[in-house]
Amino acid sequence: MTAVTDEVLSFDEAMEKYDPVLGFEVHVELNTRTKMFSSAPNAFGDVPNTNVTPVDLGLPGVLPVVNGVAVESAIKIGLALNCRIAEKCYFARKNYFYPDTPKNFQTSQFEDPIAYDGSIDIELADGTVFTVEIERAHMEEDAGKLTHMGGATGRIQGAEFSLVDYNRAGVPLIEIVTKPIVGAGSRAPELAKAYVAAIREIVKNLGVSDARMERGNVRCDANVSLKPKGQEKFGTRTETKNVNSLRAVEHAVRYEIQRHAAVLDSGTPIQQETRHWHEDTRSTTSGRPKSDADDYRYFPEPDLVPVVTNDAWIEKLRAELPEPPAERRKRLQADWGYSDAEFRDVVNAGVMSSIEDTVAAGVSAAVARKWWMGEISRRAKLADVEPAELGVTPELIVELNALIESGKINDKLSRDVLDGVLAGEGTPAEVVEKRGLAVVSDDGPLLEAIDGALAAQPDVADKIRGGKVQAVGAIVGGVMKATRGQADAGRVRELILQRLGVEG
Amino acid sequence: MAEINRDDVAHLARLAHIDMTDDELDRMAGELGGIVDAIKSVSEVAGDDVPATSHPIPLSNVFRDDVVGETLSNEEALLGAPDNADGRFKVPAILDGE
Amino acid sequence: MTELIHLSADALSQKLAAKEVSAVEATQAYLDRIDAVDGAINAFLHVNTDEALLVAAGVDKARTDGDTLHPLAGVPIAVKDLIVTKGQPTTAGSRILEGWQSPYDATVVRKLRAARMPILGKTNLDEFAMGSSTEHSAYGPTRNPWDLDRIPGGSGGGSAAAVAAFEAPLALGTDTGGSIRQPGAVTGTVGVKPTYGGVSRYGAIAMASSLDQIGPVSRTVLDSALLHEVIGGHDPHDSTSLTDPVGALVEAARLGQVEGMRIGVIKELQGEGYQAGVLTRFHESLDLLRSAGAEIVEVSCPNFRYALSAYYLIMPSEASSNLAKYDGVRFGLRVVPEGTPTIERVMGATRAAGFGDEVKRRIILGTYALSAGYYDAYYGSAQKVRTLIQRDFAAAFEQADVLISPTAPTTAFKLGEKLDDPLAMYLNDVATIPANMAGVPGLSLPGGLADEDGLPVGIQLLAPARKDARLYRVGAVLESLLEATWGGPLLAQAPEITGGK
Ligand SMILES: [Mg+2]
Ligand SMILES: [Zn+2]
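None of these values were measured; they are calculated from a predicted model.

Engineer: What exactly am I supposed to notice about the interface of chain A and chain B here?
Structural biologist: Interfaces are frequently sized by the accessible area removed from exposure as the parts join. In this assembly, 53 residues from chain A lie in contact with 34 residues from chain B. Together, the buried faces of chain A and chain B total about 3,500 Å²; carbon and sulfur atoms form 63% of this surface. Inspection of the chain A/chain B interface yields 0 salt bridges. Where chain A touches chain B, the interface holds 23 residue pairs in polar contact (both at pLDDT 80 or more). Listed by contribution, the elements that provide at least two residues to the side of chain A that touches chain B are β2 (66-67), α2 (68-80), β9 (145-149), β10 (161-165) and β17 (307-308) of chain A. Per-element tally for the side of chain A that touches chain B: the top contributor is β10 of chain A, with 5 residues. In the side of chain A that touches chain B, the residues fall into 32 nonpolar, 13 polar and 8 charged. When β10 of chain A meets strand β3 (residues 88-92) of chain B, the two strands line up antiparallel, connected through 4 bridges. Following the sheet pairing, Val164 of chain A is matched in β3 of chain B by Phe89 of chain B.

Engineer: Honestly, the side chain of Thr123 of chain C in this entry has me stumped. Any pointers?
Structural biologist: All names here are of chain C. Of note, Thr123 is situated in strand β3 (residues 119-123). Among the polar contacts listed, one links the side chain of Thr123 to the backbone nitrogen of Lys80, at a separation of 3.4 Å. Only 2.8 Å separates the side chain of Thr123 from the side chain of Ser159, close enough to count as a polar contact.

Engineer: Honestly, the coordination of the zinc ion (ligand 2) in this entry has me stumped. Any pointers?
Structural biologist: For a metal bound by four donors in a tetrahedral arrangement, the ideal donor-metal-donor angle is 109.5 degrees, while six donors in an octahedral arrangement ideally sit at 90 or 180 degrees. All names here are of chain A. Only His27 (NE2), Glu140 (OE) and Glu175 (OE) from the protein coordinate the zinc ion (ligand 2), and they sit 1.9 to 2.1 Å from it. Mapped onto the polypeptide sequence, the residues donating to the zinc ion (ligand 2) form the spacing pattern H-x112-E-x34-E. A separation of 3.9 Å is found between the zinc ion (ligand 2) and the magnesium ion (ligand 1). Of this pair, His27 sits in strand β1 (residues 18-29) while Glu175 sits in strand β11 (residues 172-178), and the two are 148 residues apart along the sequence. Accessibility assignment for this pair places His27 and Glu175 in one class, buried.

Engineer: I would appreciate a short explanation of the packing of helix α10 (residues 276-291) of chain C against helix α17 (residues 468-486) of chain C in the present structure.
Structural biologist: The axes of two packed helices give the description: the angle between them and the distance between them. All names here are of chain C. Between α10 and α17, the shortest axis-to-axis distance is 10 Å and the interhelical angle comes to 110 degrees. Classified by the angle between their axes, α10 and α17 sit roughly perpendicular to one another. Contacts between α10 and α17 involve Ser285, Leu288 and Leu289 on the former and, on the latter, Val474, Leu478, Leu481, Leu482 and Thr485. Split into classes, the residues belonging to the contact of α10 with α17 amount to 6 nonpolar, 2 polar and no charged.

Engineer: I keep staring at the interface of chain B and chain C and nothing clicks. Help me out?
Structural biologist: The interface of chain B with chain C comprises 51 residues on the first partner and 61 residues on the second. Here chain B meets chain C over a buried area of about 4,700 Å², counting both sides, of which 69% is carbon and sulfur. At the junction of chain B and chain C, the tally comes to 4 salt bridges. With a closest N to O distance of 3.3 Å, Lys360 of chain C and Glu24 of chain B form a salt bridge. Summed over the shared surface of chain B and chain C, the number is 15 residue pairs in polar contact (both at pLDDT 80 or more).

Engineer: Sorry if this is basic, but what is going on with the packing of α2 of chain A against helix α3 (residues 188-206) of chain A here?
Structural biologist: Residue and element names in this part refer to chain A. In contact at an axis separation of 10 Å, α2 and α3 are set at 130 degrees when each is read in the N-to-C sense. When the interaxial angle is binned, α2 and α3 end up oblique. Read as a crossing pair, α2 and α3 show a hand that is right-handed. Facing α2, whose interface residues are Lys76, Ile77 and Ala80, α3 presents Ile202, Val203 and Leu206. By residue class, the composition of the contact of α2 with α3 is 5 nonpolar, no polar and 1 charged.

Engineer: What's the story with the pairing of strand β8 (residues 129-141) of chain A in this structure? I'm lost.
Structural biologist: Successive side chains on a regular strand alternate, one facing one side of the sheet and the next facing the other. Both strand β7 (residues 115-123) of chain A and β8 of chain A contribute to a ladder of 8 bridges, which runs antiparallel. The residue bridging Ser119 of chain A from the neighbouring strand is Glu133 of chain A, located in β8 of chain A.

Engineer: What is the right way to read the nonpolar core from this model?
Structural biologist: In this structure, Leu112, Phe128 and Leu172 of chain C are the most contacted members of the largest nonpolar core, which totals 202 residues. Here Leu112 of chain C is in contact with Ile77, Val79, Met117, Ile119, Leu172, Leu227, Val230 and Ile231 of chain C, once residues within four sequence places are set aside. Counting residues in hydrophobic clusters, the runner-up holds 74 residues, among them Val28, Leu191, Ile199 and Val203 of chain A.

Engineer: Honestly, the packing of aromatic side chains in this entry has me stumped. Any pointers?
Structural biologist: Each aromatic ring pair is described using two quantities: the centre-to-centre distance and the angle formed by the ring planes. This model, assessed by the stated rule, comprises 25 aromatic pairs over all chains. Centre to centre, the rings of Trp336 of chain A and Tyr338 of chain A are 5.3 Å apart; their planes meet at 45 degrees, and the pair counts as tilted. On the numbers, 5.9 Å between centres and 10 degrees between planes, the contact of Phe393 of chain C with Phe397 of chain C is stacked. Within this pair, Phe393 of chain C and its partner Phe397 of chain C are both found in helix α14 (residues 376-399), separated by 4 residues, close to a single helical turn. For the pair formed by Phe393 of chain C and Phe397 of chain C, the shared burial category is buried. Among the aromatic residues, those joined into a cluster by ring pairs are Trp100, Phe128, Tyr326, Phe331 and Phe355 of chain C.

Engineer: How do you make sense of the pattern of salt bridges when you look at a structure like this?
Structural biologist: Once the charged atoms of two side chains with opposite charge are near each other, the side chains can pair. Residues and elements named next belong to chain A. Tallied over the entire structure, the rule returns 72 salt bridges over all chains. For the salt bridge of Arg187 with Asp126, the shortest nitrogen-to-oxygen distance reads 3.1 Å. One end of the pair, Arg187, is in the loop between β11 and α3; the other, Asp126, is in the loop between β7 and β8, and 61 residues separate them in sequence. Close ionic contact of Arg247 with Glu386 constitutes a salt bridge, the shortest N to O distance being 3.4 Å. Within this pair, whereas Arg247 is found in helix α4 (residues 246-265), its partner Glu386 is found in the loop between α9 (365-383) and α10 (394-405), the two being separated by 139 residues in sequence. Taken together, the shared-partner salt bridges in this structure form one network comprising Glu123, Glu201, Glu323, Arg328, Arg329, Arg331, Asp335 and Glu356.

About the thresholds
Residues numbered from 1 in each chain as written. Chains lettered and ligands numbered in written order. Predicted model: local features only at pLDDT ≥ 70, side-chain atom pairs only at ≥ 80, totals over all residues. Heavy atoms only, no water. Contact = heavy atoms within 4.5 Å. Buried area = accessible area lost by both parts, 1.4 Å probe. Salt bridge = Lys/Arg side-chain N within 4 Å of Asp/Glu carboxyl O. Polar contact = N/O pair within 3.5 Å; in protein donor to acceptor, adjacent residues only side chain to side chain. Helix = DSSP H or I, 4+ residues; strand = E, 2+ residues; numbered from the N terminus. Nonpolar A, V, L, I, M, F, W, Y, C, P; charged D, E, K, R; others polar. Pairing = 2+ DSSP bridges. Donors = N, O, S within 2.8 Å, 3.2 Å for Na, K, Ca; no water. Buried < 20%, exposed > 50% of the residue type's maximum accessible area, 1.4 Å probe, protein only. Axes fitted to C-alpha atoms, helices over the stretch in contact; angles between N-to-C directions. Parallel < 35°, antiparallel > 145°, perpendicular 65-115°, else oblique. Left-handed = near helix turned anticlockwise from the far one by under 90°. Core = buried A, V, L, I, M, F, W, Y, C linked by side-chain atoms within 4.5 Å. Phe/Tyr/Trp six-rings, centres within 6.5 Å; stacked < 30°, edge-to-face > 60°.

This is the structure we're talking about:
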């Protein structure tokens, strides 16, 4: 497939002429044990077509039964988004044919979502708070997974055939839809990312979703339209489907703003259509235009009875809600003793929960921060993923830290150990063993290396003897080089000073 | 009888994913027109004050415990499939080739 | 063995319990009868010989061992081929499911197996239960045992004909707009549509989910009660399943008492469009009930006249969605057009080849009724009419304990007579549809033979939701009064079936 590259306007120029209007549909996969309408396991990564009952394959004669925990999770999400909870709501069938949809209709909700009319405050990196209004949150089911074969790199275009795995079919989803978001201006891309991050944080905090974007637990469809400055009426929007990382959300919104601006500048109207996001080129391509085939013929699902709520039930669920994220942040900052600047950096880097988990696993808040804001963030930036998506677990950090504190490895070596663990070479201890990374702790070889280094730089040795203790670094460097970094630098320094008869 | 024409039926057949020949479209348009004429009076019977009934016996909040039950094996799942490969259901290309 | 197959299920179960006859003998007798006459009737799409005999042998052994058995253990039964059964094909009367075998049993089938009733096979029906004559089966029509040139009703013509032709003592049917009761009426058998939710729909291939209900087909009122108690009751696999206990249906049928009961004649379900011989037999039944001490009152259900129209919007709407799953991806037929077609084109070709005309008609009609711009006028309005029909029933049941009407406006018509006139075909269900729209239970029992054609007439009883027992209580009385006037069961007057082999 040849990629069509659209014209784009520079972001700044686009912002001079147009106001962006955003809208998001975020799908959250719940982490219930079973599916939305069947007792098949809701599990990721199993052998294809094994987490299925006759219901999940849509076999003739089957009937759905609602997962009560999924309904309670939906209500909790609604409450956390400050929504009103429907007194009575129905499931509805959304009819369309697609091979990943076993019944050729999706069981969803239509006229009466379980939660509606909410809002959440989104804090941007500099502390600015932006209120996003929530139109609705409704319950529905996920589709199966298609794998496209015989074409280029698993793409649907040019594929000869496709394979369908229905393990994911029927996994409970909550779709959260915003009202149009106006007034974000040039901060629209940043707000987009922050909004999705906030939703992810909320559902993870509620414990109702694993919220792992790399696994598709949280998926975002981003709507963008532009209106010329000063105009009231919204422009035509495009919907960029399945933007599945926080960075991608930011980039996709930014790209669509630039592309819309170029199209509008050329005097062409925007076509209402879905767009596909391509991470490799950081651009979108045209998907399917809206057509009369998008007539979903919704009607109330006759096989399911309505959900009726009451105050007692809702209040019981409200009482089960965990601490809201803003209060949680306040508490964590106090517990960890970070400065305002330190804490904001942690939040902006998206590693607050990771640090919380790591502290809970048994290291100090300072050590946890050092890892997540240092080495892990550095690697995430290089890989262009979120730090939490690298696969570094709190347990791994605890083990690495223990190895450092016991003097078995030093900071520098710990990075090699991390490489090894992430490359699947085993536990940190195993990697140390296999790669031969242990710090040289026997003084014998060290003294040999020190003597060598002193002999190589006699002038430096003299300076030290003369009291210029700070010059010791050059000798330490020489020793570290000779031992290929496997020496404990502190011990080396001690031994050099001893050797030269100087007080450290 | 002019209620439903051939193009309408062609559109409905596309929505319903049923291929129809020109003859079938013509015949179906005639039959549907007759049926719709005979039943369209329902739209005039009940006023705004009458609620809709979607379920004949009113029930609510029928929920299942979140407990894993019996599943089909991969072989059972694929047993009736017209085509399969690699433990999955095999379908022709979704998009038209070049 | 003729006497054995003529026994009611109740009588057979007593002979089995008394070890006067074995389950294998009884099952073999029915299999022999199927072999002898089904070539002429075509009630069965699949005969389940080996498994039926195996189950029967197991019952006989258990009885010899002194195990406690269900009263109907060893009593054979036929199952409408809309209900899925493990180890046997299930076709729904459609090409699109030809050769398909379900990997699971319907809940009612599980219950039959638990009661150890040998399943004789799967019975013919209009494709996906869409029809009133069984002529819309992809596997050829079933013929009426009373006259082989006539229809056995539908969609459950196979189950009704099997029971009428003594090919089975009992059968399961499904009733969406009358598919148990109308075949019962035209074949001189008993059929019951239970209260919606009274019998699990899990494993019954859906036509219209809010209307479908599985129910018993039999030769006597008591036999239907016996079967109803086996299949009824709550099922966690069906969200619309009632949690109420099934009720003492058998007891009600054995008690059979109408003294002091008020029986309401529905004004709108008689007169114009009803065959004279049907109305004559209907009025005789009213007289008999009156003579037995019932009070006959007239009730009016003015909105019933919109029931057929509303039904023909709701039913096809739900069906168009329920039948979307037949697409050649996961099971059943796949038709691949020439060249290298996309899945879209395969689906279109598969559904074009796999579905018959009536199914296509209803899918297109339902797609239309639900489509953008028409929903409110059609589907939405039909649902409001449904409310009005429910209100009519509520008002009528204020005045009467049960309601009564002819089951069908006419006796069995000739094969082919209405095949090309869908609207005329739809009118067969005018009296049965209101019960499905409101979810209330209904029973049809033989009311005698129409004078003009000598064919069976059906009498329909209707009760409030959850009051199925009343149907059996009144039905048993009317049945015994009628049989007294006939000098025996109506089916004893049916002609010999010839040309079966
Ligand atoms: Mg959506
Ligand atoms: Zn959705």
